[in-house]
Amino acid sequence: MTPAPMLAALGRDLAGIVGAAHVLSGDTPPYGEDASHDRVGLHGVADAVVRPADADEVRRVVAWCYEHEVPIVPRGGGSGLAGGAVPVAGGVVVAMERMTAVRSFDAPLWRAEIEAGLSTADVIRLGRESGLLFPPNPGAVEQSQIGGNVATNAGGPRAFKYGVTGNWVTGLEVVVAPGELIRVGGARRKDVAGYDLRGLFVGSEGTLGIVTSVWLRFVPAPAASLRLATFYEGAAAGCAAIERLVGNGVVPAALEYADEGAVEIGRPSFPGGLAPAARFAVLIELDGSQADVAAQRAETLEALADGAVATVVAADAREGAELWRWRDGLSSAVTAVRGGRLGEDIVVPLDRLEDVIAEVVRIAARHGLDACSWGHAGDGNVHANFLVGAHDVQAQRAAGAAAVELCDYAVSIGGSISGEHGIGWLKRGRLERHQGPVVAGIHAAIKAALDPKNLLNPGKKT
Ligand SMILES: Cc1cc2nc3c(=O)[nH]c(=O)nc-3n(C[C@H](O)[C@H](O)[C@H](O)COP(=O)(O)OP(=O)(O)OC[C@H]3O[C@@H](n4cnc5c(N)ncnc54)[C@H](O)[C@@H]3O)c2cc1C
C-alpha cells in the first residue's frame, strides 16, 4: 500500500490532472470488484480511482504514476470474469467511463473511431442505426466497454462466424509507459509495416498500456436471421451433429451447446417445455440474406437431424429472443442450485469437444463436486461450472483444484487455459505451467520492454 504522505500528494496531483470531482476514494464501489466477484469474492481497494475525460489526461495520469512508482489498473465496464480490473495491490484505478466519444463514423466506408469507454451495446447500436453490424457480442454488452473488449479480446457466440473482437480492430490509440500516447494501425484496413503491435495490445488485459480509442470496422447488417435448437440424448450424439454441420460447410453465426447437467437445470424454464429424452442442446443462429437463411435452415436441419430427439425453430424474432434468453439464463439457474459456482473458460480443438465435456463432470466427481458446462461449441470454447455453496469454503477449494486439473487436461489435448475471458488475476502464474518456460520468458521480455517498472496492472496475465 502507498504510504500516507504519498496518498495525499497522489490525491492532490491527480486532481490537478482530471479535476477534483473525478478523483474518487479508492474504496468507491464498484471499482474494487469485477464480475468475477460473485463467483470467487475477489475484492481490492485502490489508492484512488480517477476518471479521465480524454486521452491526454490518461497520458498525464500514467506519467504521474510512472514517475512516482504507483501501480495503474485500467478499468472498463468491470464485466470481466478473470479479476483483471480489480486493484488487488492498490494503486490508481483508471476508469474509462467518461471517454465515450465517437470520434468519427463513416457508415458508407463501414468504419468508426470510438473512444475506449463507449459500451459495447452503444457500438452495436451505432452500427445498427446505419444498417451495419458490429458482430462481437460478449454477454454483458450494456456493461462492458469497447476498450475492455479489446483488452480481453472478447469473443461471444458470434465469434464462430465473425471472429473475436481483435478481428474487427484496425487500429488503436494507446497510452504506454512512461506516459506516451501512440497510435498503431488506423482507419486503413491492412498494415504489415513492422511487428503487429495492434495485435500485441489486443488481449493484453491492461498490462502493456491503456487503450484510449479504437478504430473499428463493421459489415453491412445481414437482412435476415433465424434461431433454432436441436436436442439429443447425450453429448455423443450432440457433438457428432455439430461436427456434421461444420463438415457440411454450413457457417452459422452462432453454434452453441449446453450439456446434460445444464439442460437438466434449465429444463423447467425452457419455453414450451422439453421432452424427457432431450438432454443435450445445440443452439444455432443463422444469418444472411433471406434466401441464404432459407437455404442454411434446410441444410442445418438436415445435418442436425440424425439422433435429434427434439427440434425447435423460432417462428419469429420474439421466439428467437426467448430461446437465447433461456441460454443466457443458464448461468443464473446453475448458480441458484447451490448458491455459487466456479466458472472456468477453456478452449479445445473442435474434435475434442465431446471428450472435454465428459471430463468436466469426471474431474468434478473426483473432487466431490457436481458440474455442468455450456459454451461456444463451434469454437470448442467450454464454460465449465463447478457447483459450490456460497459459504462452503471446502467445496470452493475443491473447485479451485478441479479447475486447475481441467486446464491441465485442456492443454494435454491441444487446448488452452482461456478461450475468451483471459488470465487476469484468477489464473495468474499459470502461463509457465501451461505454455512452458520459453514461451513464458517471451511474455516476460515483452512485458519488461513495454513496462520496465512493472506498474501496468502488475501481477495480472502472468
Ligand atoms: C454475464 C456475462 C457474460 C459474459 N459473456 C462473455 C462472452 O460470451 N464472451 C467473452 O469474451 N466475455 C464474456 N464476458 C466477460 C466480459 O464481458 C468481457 O471480458 C468484457 O469484454 C470485458 O470488458 P469490460 O469493459 O467490462 O472490462 P473490465 O472488466 O473492466 O476489464 C477487463 C480487463 O481489461 C482491462 N481493460 C479494461 N479497459 C481497458 C482499456 N481501456 N485499456 C487497457 N486495458 C483495459 C482491465 O484492466 C482488465 O484486465 C461475460 C461477462 C458477463 C458478466
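Attention in this report is confined to the structure presented alongside it.

### A look at the overall build of the protein
Logical step 1: Along the protein, the regular secondary structure elements total 14 helices and 18 strands.
Logical step 2: For the protein, the spread of C-alpha atoms along the three principal axes comes to 70 × 55 × 40 Å.
Logical step 3: The buried share among the 462 residues of the protein stands at 52%.
Logical step 4: Of the roughly 18,600 Å² that the protein leaves accessible, carbon and sulfur atoms contribute 54%.
Logical step 5: Of the charged side chains in the protein, 41 are positive and 53 negative; the average position of the first set lies 2 Å away from that of the second.

### Regarding helix H11 (residues 317-338)
Side chains of residues three or four places apart in an α-helix project in the same direction, reflecting 3.6 residues per turn.
Logical step 1: Spanning 22 residues, H11 covers 33 Å between terminal C-alpha atoms, matching the ideal 32 Å at 1.5 Å per step.
Logical step 2: Approximately 35 degrees is the largest bend angle found in H11, and it occurs at glycine 329.
Logical step 3: Listed as buried for H11 are Gly320, Leu323, Trp324, Trp326, Arg327, Leu330 and Val334.
Logical step 4: After H11 finishes, the residue glycine 339 shows a positive phi value of roughly 100 degrees.

### Considerations on helix H10 (residues 290-305)
Logical step 1: Between its first and last C-alpha atoms H10 spans 22 Å; for 16 residues at 1.5 Å apiece the expected length is 22 Å, and the two agree.
Logical step 2: All of the buried residues along H10 are Val293, Gln296, Thr300, Ala303 and Leu304. Burial along H10 is one-sided: seen end-on, the buried residues are contained in an arc of 95 degrees. Exposed residues pointing more than 90 degrees away from the buried face of H10 are listed as Gln290, Ala291 and Glu302.
Logical step 3: Among the structural elements, strand S12 (224-232), helix H8 (235-247) and strand S14 (280-288) are those in contact with the buried residues of H10.
Logical step 4: Of the residues trailing H10, glycine 307 is marked for its positive phi of about 85 degrees.

### Things to note about the site of the ligand
Logical step 1: Taken together, 35 residues surround the ligand, and among them Pro74, Gly77, Ser79, Gly80 and Asn149 come closest.
Logical step 2: Between the ligand and serine 79, the relevant distance is 2.7 Å, taken from an oxygen atom to a side-chain nitrogen or oxygen of the residue.
Logical step 3: Between an oxygen atom of the ligand and a side-chain N or O atom of threonine 152, the distance comes to 3.4 Å.
Logical step 4: When isolated, the ligand has an accessible area of 980 Å², and the protein chains bury 90% of it.

### A closer look at the sheet that holds strand S10 (residues 210-217)
Logical step 1: What the five strands build is an open sheet, ordered S5-S6-S10-S8-S9; its pairing is antiparallel. Looking at strand neighbours, the two that pair on one side only are strand S5 (102-106) and strand S9 (180-185), the edges of this open sheet. Averaged over all neighbouring strand pairs, the angle between strand axes comes to 15 degrees, with direction disregarded.
Logical step 2: Looking at chain direction, strand S6 (residues 111-115) and S10 are connected through five bridges and run antiparallel.

### Some thoughts on the packing of aromatic side chains
Logical step 1: Taken as a whole, this structure holds seven aromatic pairs when the rule is applied.
Logical step 2: Ring centres 6.4 Å apart and planes at 65 degrees place the aromatic pair phenylalanine 231 and tryptophan 326 in the edge-to-face group. Pair noted here: phenylalanine 231 is in strand S12 and tryptophan 326 is in helix H11, with a separation of 95 residues, a long-range link. The residues phenylalanine 231 and tryptophan 326 share a single accessibility class, namely buried.
Logical step 3: A centroid spacing of 5.8 Å and a plane angle of 10 degrees characterise the contact between tyrosine 257 and phenylalanine 280, whose relative ring orientation is stacked. With tyrosine 257 in strand S13 (residues 254-258) and phenylalanine 280 in strand S14, the pair connects residues that are 23 residues apart, well separated along the chain.
Logical step 4: With a relative accessible area of 1%, tyrosine 257 lands in the buried category.
Logical step 5: Members of the aromatic cluster, connected to one another through ring pairs, are Phe105, Phe134 and Phe218.
Logical step 6: Across the ring face of tryptophan 168, the terminal group of arginine 217 is positioned such that the distance to the ring centre comes to 4.1 Å.
Logical step 7: Arginine 428 extends its terminal NZ or CZ atom over the ring of tryptophan 425, reaching a point 3.8 Å from the ring centre.

### A closer look at the pattern of salt bridges
Logical step 1: This structure, assessed with the given rule, holds 29 salt bridges.
Logical step 2: Of the charged contacts in the structure, one is a salt bridge between arginine 267 and glutamate 264, with a shortest N-O distance of 3.1 Å.
Logical step 3: Among the charged side chains, a salt-bridge network with shared partners connects Arg103, Glu113, Glu115, Glu173 and Arg183.

### Remarks on the environment of valine 250
Logical step 1: Positionally, valine 250 belongs in the loop between H8 and S13.
Logical step 2: In this structure valine 250 comes out as buried when scored by relative accessible area, which is 4%.
Logical step 3: Sequence spacing of valine 250 and leucine 286 is 36 residues, and the spatial spacing of their C-alpha atoms is 9.3 Å.
Logical step 4: Setting aside anything within four residues of it in sequence, one finds valine 250 in contact with Leu245, Leu286, Glu299 and Thr300.

### Description of the nonpolar core
Logical step 1: Core analysis: the largest hydrophobic core is formed by 54 residues, its most contacted members being Leu14, Val61, Val92, Leu172 and Leu216.
Logical step 2: Residue contributions to this core peak at seven residues, all from helix H3 (residues 55-68).
Logical step 3: Setting aside chain neighbours within four positions, we find leucine 14 in contact with Gly19, Val23, Val50, Val61, Trp64 and Val92.
Logical step 4: By size, the runner-up hydrophobic cluster in this structure holds 48 residues, among which are Leu255, Ile346, Val382 and Leu431.

### Here we look at the environment of alanine 8
Logical step 1: Following the sequence through the fold, alanine 8 ends up in helix H1 (residues 4-18).
Logical step 2: Residues alanine 8 and glutamate 205 lie 197 residues apart in sequence; the distance between their C-alpha atoms is 29 Å.

### A look at the sheet that holds strand S16 (residues 339-347)
Logical step 1: Pairing is antiparallel in the open sheet, where seven strands are placed in the order S15-S12-S14-S13-S17-S18-S16. Every interior strand has two partners, whereas the edge strands, strand S15 (310-313) and S16, have only one. Adjacent strand axes in the sheet meet at a mean angle of 15 degrees when their direction is disregarded.
Logical step 2: In terms of strand pairing, strand S17 (residues 371-376) meets strand S18 (residues 381-389) through six bridges, oriented antiparallel.

Criteria and thresholds
- Sequence positions are assigned chain by chain, starting from 1 and proceeding in written order.
- Restriction of local features to residues with pLDDT of at least 70 applies here, the model being predicted, together with a cutoff of 80 or more for giving and counting side-chain atom pairs; totals for whole chains, interfaces and linings are based on all residues.
- Only hydrogens and water are set aside when side-chain values are computed; all heavy atoms of the structure are taken into account.
- Only DSSP runs of H or I covering at least 4 residues are called helices, and only runs of E covering at least 2 are called strands; the numbering of each starts at the N terminus.
- Burial classification: accessible surface area is computed with a 1.4 Å probe over protein chains only, and a residue below 20% of its type maximum counts as buried, one above 50% as exposed, and the rest as partly exposed.
- The protein chains shown are the only cover counted for residues, whose accessible areas, like all others here, come from Shrake-Rupley with a 1.4 Å probe.
- In summary, the charge assignment counts Lys and Arg as positive and Asp and Glu as negative, without counting His or the chain termini.
- One atom stands in for each charge, and that atom is NZ of Lys, CZ of Arg, CG of Asp or CD of Glu.
- An expected span of 1.5 Å times one less than the residue number is assigned to each helix.
- Consider a residue and the seven residues that end there alongside the seven that start there; fitting an axis to each set, the bend is the angle between those axes.
- By construction, the arc corresponds to the directions joining the helix axis to the C-beta atoms.
- Two residues qualify as a contact provided that any one of their heavy atoms is within 4.5 Å of a heavy atom in the partner residue.
- Distances are taken per atom, and a residue is near a molecule or strand as soon as one of its heavy atoms is within 4 Å of it.
- Throughout this description, a polar contact denotes any pair of N or O atoms lying within 3.5 Å of each other; where both atoms belong to protein, one of them has to be capable of donating a hydrogen while the other can accept it, and for residues adjacent in sequence the pair is counted only when both atoms sit in side chains.
- Only strands that DSSP links by at least two bridges are regarded as paired with each other.
- What counts as an axis is a line fitted to C-alpha atoms, over the stretch in contact for a helix, and the angles between N-to-C directions run from 0 to 180 degrees.
- Pairing of aromatic side chains here covers Phe, Tyr and the six-membered ring of Trp, requires ring centres within 6.5 Å, and sorts the geometry by plane angle: under 30 degrees stacked, over 60 edge-to-face, intermediate tilted.
- Only lysine NZ and arginine CZ atoms are considered, and such an atom sits over a ring when it is within 6 Å of the ring centre and within 35 degrees of the ring normal.
- We define a salt bridge as a contact between a side-chain nitrogen of Lys or Arg and a carboxyl oxygen of Asp or Glu at a distance within 4 Å.
- The term nonpolar core refers to a set of buried residues drawn from Ala, Val, Leu, Ile, Met, Phe, Trp, Tyr and Cys, joined through side-chain atoms within 4.5 Å.

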